[in-house]
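Next come the chains, spelled out residue by residue.
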Amino acid sequence: MLRAELHCHSSLSYDGRDPVDMLLAQAEAVGLDALAVTDHDEIDASLAAAERASDYGLVGIPGMEVTSEAGHVLALGVEELVPAGLPFGETLDRIRAQGGIAVVPHPFQRSRHGVAPHVSEAELAGADAIEVYNSRLFTGRSNRTAERFAAARNLPMTAGSDAHIAEMVGQAVTEIGATDRTAGAILEAIREGRTSVVGKRTPWRISLRQFGGGVTRRVARALRAAL
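Let us look at the structure shown here. (Residues numbered from 1 in each chain as written. Predicted model: local features only at pLDDT ≥ 70, side-chain atom pairs only at ≥ 80, totals over all residues. Heavy atoms only, no water.)

1. Thoughts on the pairing of strand β7 (residues 129-134)
Next, step 1: The buried fraction of β7 is high, at five of six residues.
Next, step 2: Where strand β6 (residues 101-104) lies against β7, two bridges are found, and the strand directions are parallel. The partner of Val104 across the bridge, within β7, is Ile130.
Next, step 3: Here β7 pairs with strand β8 (residues 157-160) via four bridges, running parallel. If you follow Ile130 over to β8, its bridge partner there is Met157. (Buried < 20%, exposed > 50% of the residue type's maximum accessible area, 1.4 Å probe, protein only. Helix = DSSP H or I, 4+ residues; strand = E, 2+ residues; numbered from the N terminus. Pairing = 2+ DSSP bridges.)

2. Quick look at helix α5 (residues 141-152)
Next, step 1: Compared with the 16 Å implied by 1.5 Å per residue over 12 residues, the 17 Å span of α5 between its first and last C-alpha is a close match.
Next, step 2: When α5 is considered as a whole, its buried residues turn out to be Ser142, Asn143, Ala146, Phe149 and Ala150. For α5, the angular spread of the buried residues around the axis is 125°, confining them to a single face. For α5, the exposed residues set more than 90 degrees away from the buried face come down to Arg141, Arg148 and Ala152.
Next, step 3: Buried-residue contacts for α5 involve α4 (121-124), β7 and β8. (Expected span 1.5 Å × (residues − 1). Arc of directions from axis to C-beta. Contact = heavy atoms within 4.5 Å.)

3. Description of the packing of aromatic side chains
Next, step 1: Across all of its chains, the model carries one aromatic pair by this definition.
Next, step 2: Sitting above the plane of the Phe149 ring, Arg153 keeps its charged end 3.8 Å from the centroid. (Phe/Tyr/Trp six-rings, centres within 6.5 Å; stacked < 30°, edge-to-face > 60°. Lys NZ or Arg CZ within 6 Å of the ring centre and 35° of its normal.)

4. Quick look at the nonpolar core
Next, step 1: The biggest cluster of nonpolar side chains holds 25 residues, and the ones touching the most others in it are Met64, Phe88, Ile95, Val104, Val115, Leu124 and Ile130.
Next, step 2: Of all the secondary-structure elements, those providing two or more residues to this core are β4 (63-67), β5 (72-76), α3 (88-97), β6, β7 and α5.
Next, step 3: Setting aside residues no more than four positions away along its own chain, Leu124 makes contact with Phe88, Val104, Pro107, Phe108, Val115, Ala116, Val119, Ile130 and Phe149.
Next, step 4: Core analysis: the next-biggest nonpolar cluster, separate from the first, contains 19 residues, Cys8, Ala45, Ala53 and Val169 among them. (Core = buried A, V, L, I, M, F, W, Y, C linked by side-chain atoms within 4.5 Å.)

5. With respect to the environment of Gly71
Next, step 1: Relative to the helices and strands, Gly71 is located in the loop between β4 and β5.
Next, step 2: Each C-alpha atom, one on Gly71 and one on Arg110, is 8.7 Å from the other, the two residues being 39 residues apart in sequence.
Next, step 3: Filtering out sequence-adjacent residues up to four positions away, Gly71 remains in contact with Val66, His113 and Val115.

6. A closer look at the side chain of Ser13
Next, step 1: Position of Ser13 relative to the elements: it lies in the loop between β1 (2-8) and α1 (20-29).
Next, step 2: Within the local environment of Ser13, its side chain forms a polar contact with the side chain of Asp39, the two groups lying 2.8 Å apart.
Next, step 3: There is a polar contact of 2.9 Å between the side chain of Ser13 and the backbone nitrogen of His40. (Polar contact = N/O pair within 3.5 Å; in protein donor to acceptor, adjacent residues only side chain to side chain.)

7. Some words on α1
Next, step 1: Within the span of α1, buried status applies to Val20, Leu23, Leu24, Gln26 and Ala27. Along the axis of α1, the buried positions cluster into a sector of 160°, meaning they face one direction only.
Next, step 2: Packed against the buried residues of α1 are β1, β2 (34-37) and α2 (44-52).
Next, step 3: Looking one or two residues past α1, Gly31 carries a phi angle of roughly 80°, positive in sign.

The following block contains the structure:
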């Protein structure tokens with residue numbers, strides 16, 4: 001079994017704080033095997049992390065978190081930007097056209113751009129996998145709903161820390177029964193449902209700090225753009 005962090009953000013995300021080397025170092029420190037940096041509608045930092053991952057003894061998985069018309073979708077295994085704002089189904093098609101897999105994160109949390117309120121159950125079930133444990137949920141109800149949805153439809157399940165600061169990388173881990181220690185083998189194992197999830201909730205004080213830091217960084221970037 002390989003242990004992977006499939007959902008985290010670098011400073012390239014509008015609400016992320018730390019550079020990719022800090023994310024990689026944290027992943028190595030907590031004993032992970034693989035890391036996917038999934039910035040919001042950005043891919044350059046993820047590509048850099050995938051290139052440097054071997055220096056930390058990790059498998060690097062390129063990817064991003066795409067803001068579809070319906071909400072967020074993780075694109076794992078893509079190396080070119082998937083445009084934001086496309087319909088949910090077209091977003092999935094664009095990801096698969098690159099050989100990637102489409103994982104829906106926090107699908108039932110409307111406040112964090114979950115897609116479930118905006119797509120049919122059949123459309124949601126068309127994803128390659130469902131994130132059933134996200135560390136940054138305050139109550140856990142949305143996680144349980146996602147797990148029930150995925151289990152009822154025999155969909156592959158993943159977990160993600162959704163870390164926006166380096167020290168939270170590895171809070172939620174996807175254990176993957178990959179045949180080889182490569183990004184391709186990991187993605188194939190996820191497609192086939194050879195996964196299990198392990199995680200713990202991000203402490204509330206850290207979630208609040210991540211949220212507050214994200215707001216501050218968004219305001220600062222908006223002010224710089226206006227100058």
